[in-house]
Amino acid sequence: MRKPGVQAIANTAPDLPPKPGQHPQLGRDYEYKRHGTLSILAGLDLNDGHVTAEVHPRHRSREFILLLKALDAHYPPGCVIRVVLDNHSAHISKETMAWLATKPNRFVYVHTPKHGSWLNLVETLFGKMARTFLKHIRVTSRQELKDRILLGIAEINESPVVHRWKKFEAINT
């Protein structure tokens, strides 16, 4: 549900374009200016591939509750929202539990085992982000990074990927 520490890094010198016969890739100075980090909090709908996301400088209970509110607004009233997540303190804090109490029977938590967050399918989404629009990203501010992350998520939602497992027949034997 979260990808912490996405760095907002800016160049200190302009990138050098590739030159045929000399260097085939973009040239970049090794020095950079750091503008801080952001955390991505996201939910991945396993039925239709839709991503609901929040991007904040921190990941505390209040930011997690904003994600839960976004999920609550996205789905029709009356349906149960099952959330697969790790045991991060923000997920089980007093503040989060108090908010969940205002939405009885709306959210059901399914916790991954400790040290097993890789079982959470949203980790594949974060991996895709790291390999695509976050790879080698340089920005001038945290706000620009946030805007680009949200744009990348919007593009993912234009062509969502639905995960299907094919080897379940082994379970029924």
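So, here is what we can say about the structure in this document. (Residues numbered from 1 in each chain as written. Predicted model: local features only at pLDDT ≥ 70, side-chain atom pairs only at ≥ 80, totals over all residues. Heavy atoms only, no water.)

## Re the overall build of the protein
Part 1 of the argument: The helix and strand tally for the protein stands at four helices and five strands.
Part 2 of the argument: The order of α-helices and β-strands along the protein, N terminus first, is β-β-β-α-β-α-β-α-α.
Part 3 of the argument: Projected onto its principal axes, the C-alpha coordinates of the protein cover approximately 60 × 45 × 30 Å.
Part 4 of the argument: Buried positions account for 36% of the 173 residues belonging to the protein.
Part 5 of the argument: Only carbon and sulfur atoms are counted for the fraction: they give 55% of the accessible area of the protein, which is about 11,000 Å².
Part 6 of the argument: Side chains of the protein carry 25 positive and 16 negative charges; the gap between the two charge centres is 4 Å. (Helix = DSSP H or I, 4+ residues; strand = E, 2+ residues; numbered from the N terminus. Buried < 20%, exposed > 50% of the residue type's maximum accessible area, 1.4 Å probe, protein only. Areas by Shrake-Rupley, 256 points an atom, 1.4 Å probe, with all protein chains shown as cover. Lys, Arg positive; Asp, Glu negative; His and termini not counted. Charge placed at Lys NZ, Arg CZ, Asp CG, Glu CD.)

## As for the sheet that holds strand β3 (residues 51-56)
Strands pair in a sheet through their backbones, by hydrogen bonds, and they do so in one of two ways: parallel or antiparallel.
Part 1 of the argument: One open sheet holds the three strands; their spatial order is β1-β2-β3, and the pairing between them is antiparallel. What marks the edges here is a single partner per strand, and that holds for β1 (2-11) and β3. Taken pair by pair, the neighbouring strands of this sheet meet at an average axis angle of 30°, ignoring direction.
Part 2 of the argument: Pairing of strand β2 (residues 32-44) with β3, which is carried by six bridges, proceeds in the antiparallel orientation. Note that in β3 the partner of isoleucine 40 across the bridge is valine 55.
Part 3 of the argument: The strands that helix α4 (residues 142-158) touches are β1, β2 and β3; relative to β2, the one it contacts most, it runs at about 35°. (Pairing = 2+ DSSP bridges. Axes fitted to C-alpha atoms, helices over the stretch in contact; angles between N-to-C directions. Contact = heavy atoms within 4.5 Å.)

## Digging into the pairing of strand β5 (residues 107-111)
Part 1 of the argument: Summarising the sheet, strand β4 (residues 81-85) and β5 pair through five bridges and their orientation is parallel. Bridge pairing links arginine 82 to valine 108 in β5.
Part 2 of the argument: Crossover connection from β4 via helix α2 (residues 94-101) to parallel β5: handedness right-handed. (Right-handed = clockwise from strand over helix to strand, strands pointing away.)

## Description of the nonpolar core
One broad trend across soluble globular proteins is that nonpolar side chains are buried collectively.
Part 1 of the argument: Judged by nonpolar contacts, the single largest core of 21 residues is most densely connected at Ile40, Ala42, Val51, Met129, Leu134, Leu145 and Ile149.
Part 2 of the argument: With residues near it in sequence (within four places) discarded, methionine 129 still touches Ile40, Leu134, Lys135, Ile153 and Ile156.
Part 3 of the argument: Of all hydrophobic cores here, the second largest spans 15 residues; its members include Leu68, Leu71, Leu85 and Trp99. (Core = buried A, V, L, I, M, F, W, Y, C linked by side-chain atoms within 4.5 Å.)

## Here we look at the packing of helix α1 (residues 61-74) against α2
Part 1 of the argument: Contact geometry for α1 and α2: axes closest at 9 Å, N-to-C directions at 25°. In terms of orientation, α1 lies roughly parallel with respect to α2. The handedness of the crossing between α1 and α2 is right-handed. Contacts between α1 and α2 involve Ser61, Arg62, Phe64, Ile65, Leu68, Lys69 and Asp72 on the former and, on the latter, Glu95, Thr96, Trp99 and Leu100. (Parallel < 35°, antiparallel > 145°, perpendicular 65-115°, else oblique. Left-handed = near helix turned anticlockwise from the far one by under 90°.)

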